[in-house]
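Take a look at the letters that make up each chain.
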Number of protein chains: 2
Amino acid sequence: MPDIMGRHRAILNEAHCQTCSLSSLCLPLALELEHMDQFDSIIRRRAPLKKGEPLFRQGDVFTSVFAVRSGSLKQVTTEGNGSDQLTNFYLPSELVGLDGINEATYPGSIIALETTTVCEIPFDRLDLLSEQLPELRGQLYRSMSKELREDRRMMRLLSRKTADQRLASFLITLSERFRRRGYSPYSFRLSMSRADIGNYLGLAVETVSRILSRFQSQKVVAVSGREVNVLDMPALIALSEEEEQELNSP
Amino acid sequence: MPDIMGRHRAILNEAHCQTCSLSSLCLPLALELEHMDQFDSIIRRRAPLKKGEPLFRQGDVFTSVFAVRSGSLKQVTTEGNGSDQLTNFYLPSELVGLDGINEATYPGSIIALETTTVCEIPFDRLDLLSEQLPELRGQLYRSMSKELREDRRMMRLLSRKTADQRLASFLITLSERFRRRGYSPYSFRLSMSRADIGNYLGLAVETVSRILSRFQSQKVVAVSGREVNVLDMPALIALSEEEEQELNSP
DNA sequence: CGCTGAATTGAGTCAGTTCAATAAGGGTGG
DNA sequence: CCACCCTTATTGAACTGACTCAATTCAGCG
């Protein structure tokens, strides 16, 4: 029993911003140590989510944003008629739930793609703290602004790019995100299914599968199930950009 | 000369939040009168933009966000290779430039679609004021969050919807935005070209033109150049939703 | 070790594009 | 005010990238 308690305490201890390996990427990145204590004190720990478990569901009352500690999640929005749209993947250090601030409920469900831990940040506390800490406020504005930018890139991808370009862009973006988090940009594991990738990129599963096979036969990547090895990054970048179409320039 | 000065002063006078007809939709919507004075004092007036004139260009240093007073604008992002993507239209009371906070430069150019006036809100001043005024801060968070939501809807449109559904959704969204601003939701003028619409919706100009013609022959709308009359709103709504496709649900 | 969902591969179809040609606006200068 | 030019819009015909349908194969898991 003391053993279990000890381990439990240890887990809670390592779940502090001051000792978190993600602190240089996460929301409190710009904070002084003393301010980080303040920030840390408003955070609520959460039991790890299992694969497939929701962090919250579409329509739940908005109370908090969440920072991903480990694992990954997907955001899924269900339309009236029951068809789903996967609008985002979230990796460690990224902030989940920012699009819920506006309407008091979350606009999509967030589902764990693997065993995943998150830090819960109650938004009213965060807002109050951001009043006192300009650095934190700035970081929050920047996080939202960054997501706006990424959305614009995604719109471009969806409205202009071919299936090949979409897959290549997707792999490059993932690779870059892993790199920034200290993992290999050349060798990683996809936590999402082909169906998820297709849904996210606006492609049929079959198309995703076919194109990954072709990339493999072109020696650009080696794919085995969900393991990906990028063999020729320059070629992949070229694939993501090639033959831009000129769809009525404004 | 006194005449001109007089008129000039009159223009400046009417450009105050307290007397602005948009105040119930705009950023200071939640502010008490005395706080609105404070907000009003940080705003910089701008000479009206002529059609085609840029408010700022992609890559310009980020300094301010802008509230549209009258007219309309488009956001255009140019990729390395010179192809453009139209990522947004802005109508009166909407906030322009929020996606520039993150990286110190604006990620796209903002171009007037017609004669357009805006209020410039220097972001450093806005940030400081938002420290003192929780209502203002909340409104700023909500504005950004709302834009995130709208981006998600746009992604859905681009990855799931047919050309017909896209056009119908576009017209409905415009109609709704006009309605909220006190204009007729059934009769309005498009300030953007067919090419702009196509670029925004990820369609060829020809497709936009063809579908508008078909909607017209179906008596759903009457289109004459840039004048639009919605004849059958329920039908238009049905067109925007019909026959949802089931692209690999997550 | 067998079962069930996930992934791959093939064949045929179609929505929306491209290419092309014509018509309609909308400024501008005489 | 009108004629001209150039941009914008419409319409037609042919083509194609990605989808759907279908049939295996593979992988993870109880």
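Residues numbered from 1 in each chain as written. Chains lettered and ligands numbered in written order. Predicted model: local features only at pLDDT ≥ 70, side-chain atom pairs only at ≥ 80, totals over all residues. Heavy atoms only, no water.

Residues in close proximity to DNA strand D total 16 residues, the closest being Ala-163 and Thr-207 of chain A together with Ser-209, Arg-210 and Ser-213 of chain B. Backbone sugar and phosphate groups make up 60% of those atoms of DNA strand D lying within 4 Å of the protein. Note that a phosphate oxygen of DNA strand D is positioned 2.9 Å from one of the side-chain N or O atoms of Arg-194 of chain B. Ser-209 of chain B has a polar side-chain atom sitting 2.7 Å from a phosphate oxygen of DNA strand D. (Near = heavy atom within 4 Å. Polar contact = N/O pair within 3.5 Å; in protein donor to acceptor, adjacent residues only side chain to side chain.)

On to the packing of helix α4 (residues 134-160) of chain A against helix α3 (residues 123-132) of chain B. Between two packed helices, the angle of one axis relative to the other and the distance separating the axes together describe the packing. Two numbers describe how α4 of chain A lies on α3 of chain B: the axes approach to 11 Å, and their chain directions differ by 120 degrees. Classified by the angle between their axes, α4 of chain A and α3 of chain B sit oblique to one another. For the crossing formed where α4 of chain A meets α3 of chain B, the hand is right-handed. Facing α4 of chain A, whose interface residues are Pro-134, Arg-137 and Tyr-141 of chain A, α3 of chain B presents Phe-123, Asp-127, Ser-130 and Glu-131 of chain B. Considered class by class, the residues forming the contact of α4 of chain A with α3 of chain B number three nonpolar, one polar and three charged. (Axes fitted to C-alpha atoms, helices over the stretch in contact; angles between N-to-C directions. Helix = DSSP H or I, 4+ residues; strand = E, 2+ residues; numbered from the N terminus. Parallel < 35°, antiparallel > 145°, perpendicular 65-115°, else oblique. Left-handed = near helix turned anticlockwise from the far one by under 90°. Contact = heavy atoms within 4.5 Å. Nonpolar A, V, L, I, M, F, W, Y, C, P; charged D, E, K, R; others polar.)

The environment of DNA strand C is formed by 16 residues, the closest being Ser-209, Arg-210 and Ser-213 of chain A together with Ala-163 and Thr-207 of chain B. A share of 58% of the atoms of DNA strand C within 4 Å of the protein falls on sugar and phosphate groups. The biggest single contributor to the surface near DNA strand C is helix α7 (residues 205-217) of chain A, with four residues. Looking at side-chain class alone, the surface near DNA strand C contains four nonpolar, six polar and six charged residues.

Below, the discussion takes up the interface of chain B and chain A. Many descriptions give the size of an interface as the accessible area lost when the pieces come together. In this assembly, 62 residues from chain B lie in contact with 62 residues from chain A. In total, chain B and chain A occlude about 5300 Å² of area from one another, counting both sides; carbon and sulfur atoms represent 52% of this. Between Asp-99 of chain B and Arg-152 of chain A there is a salt bridge whose closest N-O contact spans 3.4 Å. Considering every element that reaches the side of chain B that touches chain A, the biggest residue donor is helix α4 (residues 134-160) of chain B, with 19 residues. Residues belonging to the side of chain B that touches chain A are distributed by class as follows: 22 nonpolar, 20 polar and 20 charged. (Buried area = accessible area lost by both parts, 1.4 Å probe. Salt bridge = Lys/Arg side-chain N within 4 Å of Asp/Glu carboxyl O.)

Looking now at the environment of Gly-97 of chain A. Residues and elements named next belong to chain A. Checked against the element boundaries, Gly-97 lands in the loop between β6 (95-96) and β7 (109-112). Placed 33 residues apart in sequence, Gly-97 and Ser-64 show a C-alpha to C-alpha distance of 7.2 Å. Not counting residues within four places of it along the chain, the set of residues in contact with Gly-97 comprises Phe-56, Phe-62, Val-65 and Tyr-106.

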